[in-house]
Amino acid sequence: MTGSRHKRSTFPLLPHRPRRTTALSAVAMAACVSLAAGCGTVPGFAGAADDEIKVMTWAPQKTGATNKPGMPAMASAVVRWLNSRGGIGGRKLKLITCNDHNTSVGAANCAQRAADENVVAVVGSYSQFGDSYFAPLEGAAIPYIGGYGASNVEFTSPVSYPVNGGQLTLLAGLGEALAESCGPVTLVRPDSIAGDQLPQLLDSGLRAGGHAKAIDQLAAEDLTAYDEQSKKALGSASSDSAKTGCVVPELGGRTATFMDSFQRARQDYPTVKTAAEVGSVDQTVINSTGGASGPYEGSYITGWYPVASDPHWDEMKKVISKEAFGDNRIDPADAGVQTTWIAYKVLTAVLEKIGDGEVTSDSVRRTLNDGLKVSTGGLTPTLTWPYQGKLAAAGFSRLVNADVNVQTVKGGLLQSANKNALDMTEILANADLS
């Protein structure tokens, strides 16, 4: 989640557009082959047949910051799998991928590409720059299905159909999870506009569990080491000798850097627990930092979905094995990969509902808006997107899944720490996010 909080969208109901052609224009075709555009297609689909359905998935790749290469890779695997089974309703998908390069310009370019290519939906994608890409999508009335939840506008735009609750739910859920087991809680977060909302989210969950507010510790975003910040966090979290304290680092791409410093400093302080949310720490991060011997062993982590070992993921793993065996970009434990899988389940349900009817961005959006209920096989609650969701009064009219799964790291692996998901709807509705 980046940027300041967005107010509830006043974007009007979108008019239905005339049917789009499915052929690529000469200009769009020439642009797509440009390496600078960062877009591509699934191998084996050089051109779009009249009955092919074009979709797009985008994510940052090969940048110096957050990268999510597993999301377009997972989309490619799903599309190959669906097409190998005859497509959906006899119509095959054509996937266009795009790299937003972790820049606002790149995000806007990907969205404009989606409009130029006449895709029917952007599916299972990641970008921090919602302010940049939603304007082109709204202008072209293209639905954005299953974004990662990396910006607040994903929960306000009328063309957004999120499948999770973003960082909003994860931090609130983390607060509730820590309320019972932690003494003092220290939040280490960026000294920025993007970081200003984090204390309120964490505190909303702590307060619901009867816990005092977290100690709000600010840190610069551009540090190469966090030695002093680690010592300060350890000192405040261990200030109560009666109960073990907890440190929650929320520094985005710098979280791993903080944890390196924290791991070196913690031996000089009483024992404290660490905690995070899957937007900052997931299984891939745990693996890359040493697994069971790394800094996250014993940590509490909140995620949107069941742990990767849950049998509800078996179908996804079979698709990965069949269509992407050996592709090390795809980790079934990665929250981005999981989000893309769920987003394509939503798309499949939409296209099955349309049946033999015309498939355009308009018909996809109308189907989603007309009360379609999508089962994700137990990975999320049944999904449906009313015009005004339960959290509309809190400014998040499109947030329809506020479930959080509490996990803990044992033996270097994320394992479930709660039997049932926590529903954060009421807590977020009562949170002071001004």
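Residues numbered from 1 in each chain as written. Predicted model: local features only at pLDDT ≥ 70, side-chain atom pairs only at ≥ 80, totals over all residues. Heavy atoms only, no water.

Under the definition given, this model contains two disulfides. Residue Cys 98 pairs covalently with Cys 110 via a disulfide, S to S 2.2 Å. Here Cys 98 and Cys 110 share a disulfide; its torsion about the S-S bond, -90 degrees, makes the bridge left-handed. Within this pair, whereas Cys 98 is found in strand β3 (residues 93-98), its partner Cys 110 is found in helix α3 (residues 104-116), the two being separated by 12 residues in sequence. Cys 110 gets classed as buried once you look at its relative accessible area, which sits at 0%. Note that Cys 182 is cross-linked by a disulfide to Cys 246, the S-S spacing being 1.8 Å. Negative torsions about the S-S bond denote left-handed disulfides, and the value of about -75 degrees found for Cys 182 with Cys 246 makes this one left-handed. (Disulfide = S-S within 2.5 Å. Helix = DSSP H or I, 4+ residues; strand = E, 2+ residues; numbered from the N terminus. Buried < 20%, exposed > 50% of the residue type's maximum accessible area, 1.4 Å probe, protein only.)

This part covers the layout of surface pockets. Empty space among the atoms becomes visible once a probe the size of a water molecule is rolled across them. Roughly 1200 Å³ of volume is contained in the largest pocket. Along its surface, the largest pocket is lined by 48 residues, and Thr 66, Tyr 126, Gly 252, Gly 253 and Gly 279 are the ones closest to its centre. Elements supplying a minimum of two residues to the lining of the largest pocket: α5 (166-181), α8 (255-265) and α9 (283-288). Per-element tally for the lining of the largest pocket: the top contributor is α5, with three residues. Considering only residue class, the lining of the largest pocket consists of 20 nonpolar, 19 polar and nine charged. (1 Å grid on protein atoms, 1.4 Å probe; cavity = no way out; pocket = protein on both sides within 12 Å on 5 of 7 lines; lining within 4 Å. Points joined across faces, edges and corners; volume = space filled by probe spheres on them. Nonpolar A, V, L, I, M, F, W, Y, C, P; charged D, E, K, R; others polar.)

Turning our eyes to something else, we now look at helix α11 (residues 335-354). Between the first and last C-alpha of α11 there are 29 Å, a value that for 20 residues agrees with the 28 Å anticipated at 1.5 Å per step. The buried fraction of α11 amounts to 17 of the 20 residues, a majority that puts the element mostly inside the structure. In this structure Asp 334 caps α11, since a side-chain oxygen of it lies 3.0 Å from the backbone nitrogen of Gly 336. Downstream of α11 by a residue or two, Gly 355 has a phi angle that is positive, lying close to 65 degrees. (Expected span 1.5 Å × (residues − 1). Polar contact = N/O pair within 3.5 Å; in protein donor to acceptor, adjacent residues only side chain to side chain.)

All chains considered together, the criterion is met by 11 salt bridges. Two residues, Asp 196 and Arg 189, come together in a salt bridge whose shortest N-O distance is 3.0 Å. One salt bridge connects Asp 362 with Arg 365, and the closest N-O pair in it is separated by 3.1 Å. Of the two residues, Asp 362 and Arg 365 are both situated in helix α12 (residues 361-369); the distance of three residues between them amounts to about one turn of the helix. Exposure class is identical for Asp 362 and Arg 365. Each is buried. The network of salt bridges with shared partners includes Lys 68, Asp 282 and Asp 334. (Salt bridge = Lys/Arg side-chain N within 4 Å of Asp/Glu carboxyl O.)

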